[in-house]
Each structure stands twice: as C-alpha cells, then as structure tokens.
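Residues per chain, in single letters:
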Amino acid sequence: MFVFLLLFLPLVLSGCWDHREVEDLGIVLLTAVDAAPEGRVRLEVQVLVPTAVAGGGGITGTGGGGGGGGGRKRYLNLATEGRTVFEAIRRLSMESPRELFFAHNQVILISEKLARERGVAEVMDFFERNRQFRRDTWILVARGDPSDIMEVPVHLEVTPAQNIVGVIKNQELSARFAPTRLGEFAEMLESSGEEPYTAILEAVPNAAFSRVSLHPGGAGPAPFHNIKLTGTAVFRRDRLVGWLNEREARGLLWVRGKVRGGPITFSIPGPRGEQKLAVEILRAGRGGVKLEPFLAGGQPGMRVEINTRVNLTESENLELDLRNPQVISRLEKQLAGAIKQEVMACVTRLQEEYRADALGFGEAVHRKYPRVWRQVEGEWEDVFATMPVTVEVKTVIRRIGLINKPLRPPRMQEAQ
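**Student:** I tried to follow the overall build of the protein chain on my own but got confused; where do I start?
**Tutor:** Along the backbone of the protein chain there are 14 helices and 17 strands. Split into buried and exposed, the 416 residues of the protein chain put 47% on the buried side. Excluding contacts between residues fewer than 6 apart, the proportion of contacts in the protein chain whose partners are at least 24 apart in sequence is 72%. Summed over all atoms, the accessible surface of the protein chain reaches about 21,800 Å², with 51% contributed by carbon and sulfur.

**Student:** Is there a simple way to think about the pattern of salt bridges in this case?
**Tutor:** It is possible for side chains bearing opposite charge to pair when their charged atoms get close. In total, this model carries 20 salt bridges according to the counting rule given. Glu-202 serves as the salt-bridge partner of Arg-143, at 3.7 Å between the closest nitrogen and oxygen. Linking Arg-143 in the loop between β8 (138–142) and α6 (146–150) with Glu-202 in strand β10 (residues 197–205), this pair joins segments that are 59 residues apart in sequence. Three or more residues joined by partner-sharing salt bridges are found here, namely Arg-83, Glu-87 and Arg-91.

**Student:** Would you mind showing me how to read the environment of Pro-205 here?
**Tutor:** Its place among the elements puts Pro-205 in strand β10. Residue Pro-205 is classed as exposed on the basis of its relative accessible area, which comes to 65%. Sequence separation between Pro-205 and Phe-224 is 19 residues; the distance between their C-alpha atoms is 5.8 Å. Setting aside anything within four residues of it in sequence, one finds Pro-205 in contact with Phe-224 and His-225.

**Student:** What am I meant to see in the packing of aromatic side chains here?
**Tutor:** Any pair of aromatic rings gets described here by the distance separating the centres and the angle formed by the planes. Using the criterion set out here, one finds nine aromatic pairs in the structure. When the ring centre of Trp-243 is taken as reference, the NZ or CZ atom of Arg-143 above it lies at 4.3 Å. Across the ring face of Trp-138, the terminal group of Arg-181 is positioned such that the distance to the ring centre comes to 3.9 Å.

**Student:** Got a minute to help me understand the nonpolar core in this structure?
**Tutor:** It is characteristic of soluble globular proteins that their nonpolar side chains tend to be buried jointly. The biggest cluster of nonpolar side chains holds 55 residues, and the ones touching the most others in it are Trp-254, Leu-350, Leu-359, Phe-361 and Trp-380. The dominant element in this core, judged by the number of residues it contributes, is helix α10 (residues 325–354), at twelve residues. The residues touching Leu-350, leaving out its near neighbours within four places in the chain, are Val-234, Leu-244, Arg-355, Ala-356, Ala-358, Leu-359 and Phe-384. In this structure, Leu-92, Leu-114, Val-120 and Val-141 belong to the second largest nonpolar core, which totals 34 residues.

What counts and how
- Residues numbered from 1 in each chain as written.
- Predicted model: local features only at pLDDT ≥ 70, side-chain atom pairs only at ≥ 80, totals over all residues.
- Heavy atoms only, no water.
- Helix = DSSP H or I, 4+ residues; strand = E, 2+ residues; numbered from the N terminus.
- Buried < 20%, exposed > 50% of the residue type's maximum accessible area, 1.4 Å probe, protein only.
- Contact = heavy atoms within 4.5 Å.
- Areas by Shrake-Rupley, 256 points an atom, 1.4 Å probe, with all protein chains shown as cover.
- Salt bridge = Lys/Arg side-chain N within 4 Å of Asp/Glu carboxyl O.
- Phe/Tyr/Trp six-rings, centres within 6.5 Å; stacked < 30°, edge-to-face > 60°.
- Lys NZ or Arg CZ within 6 Å of the ring centre and 35° of its normal.
- Core = buried A, V, L, I, M, F, W, Y, C linked by side-chain atoms within 4.5 Å.

The following block contains the structure:
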C-alpha cells in the first residue's frame, strides 16, 4: 500500500495544469470600445510595458506619455476592429507578442457615439460574461475619441489608465461626478426600477500650460491636455440620452447616498451684498439618505430625506458672529436650502428632459408597494416623469475652524 501511494501521489499533485508565466502575458490596464462602420466595433487596449517600467529613467516630454529606460513609453496601445468584442480581442492577438491578460484591467471606456447610437447592452454582455473582467472595474463614457484620451501624456503616474483611476478616486474630494463600477452598472442595466449612469471622461486643454516651458533649457513642456471628469452620463435602458452638469450630478449623488465629502458654497446676505460661505461635507453616505415612497390618489410619489454634517471652512462675510447659536442655526437652514436646490435640479432634469429614473425611485416603490409596482412597471417612464417629489434636508455645522471671529484688519474696524 505504501509503495502504491508513492506511485499515485505524483499523478494528483502535478501542480497547476493551466498556469501561465507572467513573463508571457501582456497586462491590460484599460479597454476602450468604439463604434466602427458596418456595425463593427473598434477595440483598443492599453498594455503595460514592464521592461520600460523596470528600466526607470526620466519622463519624456514628447513621447506621448511617461517614459523610462531611454525614453521608451511605459505602455503600448493596440487597436483593431471586429464584429464583436471577443472577435476584436482575438484579432489583437495577431499584433501582440504576448497573450493579453485582462484580470488587471482597471477601466472600461465606452465611446459616446457607441452609447448613444447603438446602446451598450451588447458590449456589456461580453464584459459581464468574461471571467477575467472584475466587477469592480470602472466603466466610463468617453466624450470624443477614446484614442485621444489613451494618449494624453502623464507625469505623476506610469500610464494614462492609472492616471484615470487616480482621478476617479479623488472625485470624492469634490463629489461632483458619479463614476460607476462594472458590477453596479450591470445591475442598474438589468433593473426595471432604475436607469444606469456613470461619469464622463474627456481630454481637456491644460490650464497650467505655459509656452515658457517650451524654451531651450526649460524643465520640459507641460502637456497640452489633461484627463478630466466633466459630467455624468444618463442612460434610458441601454442608450445614452443626456448629461448632468456638476450641480445636477451631486444632486444625483445625494439621493443615491454616495456623497462622502466635498465642498458646498452658498450665499448669504451681507454688508456688501451677497457673500459666500464654504463648508466641507463630513458625513452623508447611505446612512444619511432615506427614500420614502407614498401614494397620492393611488399614484406613487417620493419623499427624500437627507441628513448631513459639515465643517465651516471659509466665510466672506466678516460681520458674522459664529459664536452665536442663532447665527449657526440660520446658516444650517440656508445650507439645507442649497442642498435641496441641487437635488431638485437633478430631479427636474431627469423627469422633464430625459424621463430616466437614475435616482432609483422605482426600486424604492417596488420594495414598499409591490402590488402598485406591478401595475405601473410597464409604464414607469411616464409615471416617473410626473410623480411628485419632496425633499427635506437637515444639516448640522459641527465646527467653524481654528478662529471664532473672521479676520478684520484695523482699518476696516476704524471705518465702522
């Protein structure tokens, strides 16, 4: 028996039968899909060049991106066309010396043209079905040609793909856009009670560009363009129907419970007319938002309740006595009004112009009134467009900063 086990064990402990050496793989960090003629799709992928990354070196100013190891770009973009996304990927294998590996793919870019004219359901089927694409991959809509975005030079990151991920993560500091992950986008796409949405990515002119940097002996030219989130794309079913601006997008984030930080600026009457105050959002999130459906004449309506806490960060009004609880209470009410305006701006745009329930009101009605939902599900676009919506906001100013009184130069005090 012992001899038999010694002979049998090597057969069942033979290691990973389907292993692949990392040296043989082309690590894909970004995948872009665009519309092509005759119903085809154009696929472009961004592959990391490990030898250029390992080589170190400076960053080239005219090489179209970060470079190392003698000025080589740290990434390689490959593009082709196919009747399907899978066919296009297989065509790329004829150009790539390594097998393309998508398990580390961080961003999926869908072109505006494809999303608006054909819809995204067909291409989404591949990304959802393929085991290499993770559900936490970011999916964005590219305004303009995705190829231009994939070639924007980067200086602080290794590749444009990593630069895009960094921009997405930093959006929580402003809470003005709504990037969405692949898994959540697919769930909204399959739901009859909410419509998909995600952020818009665009290559915009660099406001910090200076011609001085082009002079001989300079530190090197700054990029002409930067990668930037510029809005939020709204879908109805699987087709792109429009955009939300920064103010409307934050209204969407308030309702969806995804505001976890960022500034709010609002105006108050002062001795010089309308003067601005700025606060920083401390906490909101899902725990700070409640969707409460109600029935009015047998038709569903929605009550949105928002609770948030903020810190006061800046005041233009030098006459405010921030030590007075009545003054703080008045500021809290004005801040609540500013948040309510953001939410209602989003609701109005979605109801009157796009007729797209990106707010998830349908899901809330489904949970509370399943019998009513069965009656209105087939015509939910029309019901959503006319349903009454009320917004109640409660804010608390926790801290006012390191000073109690605004800074007032002596001459201003003497003039008063």
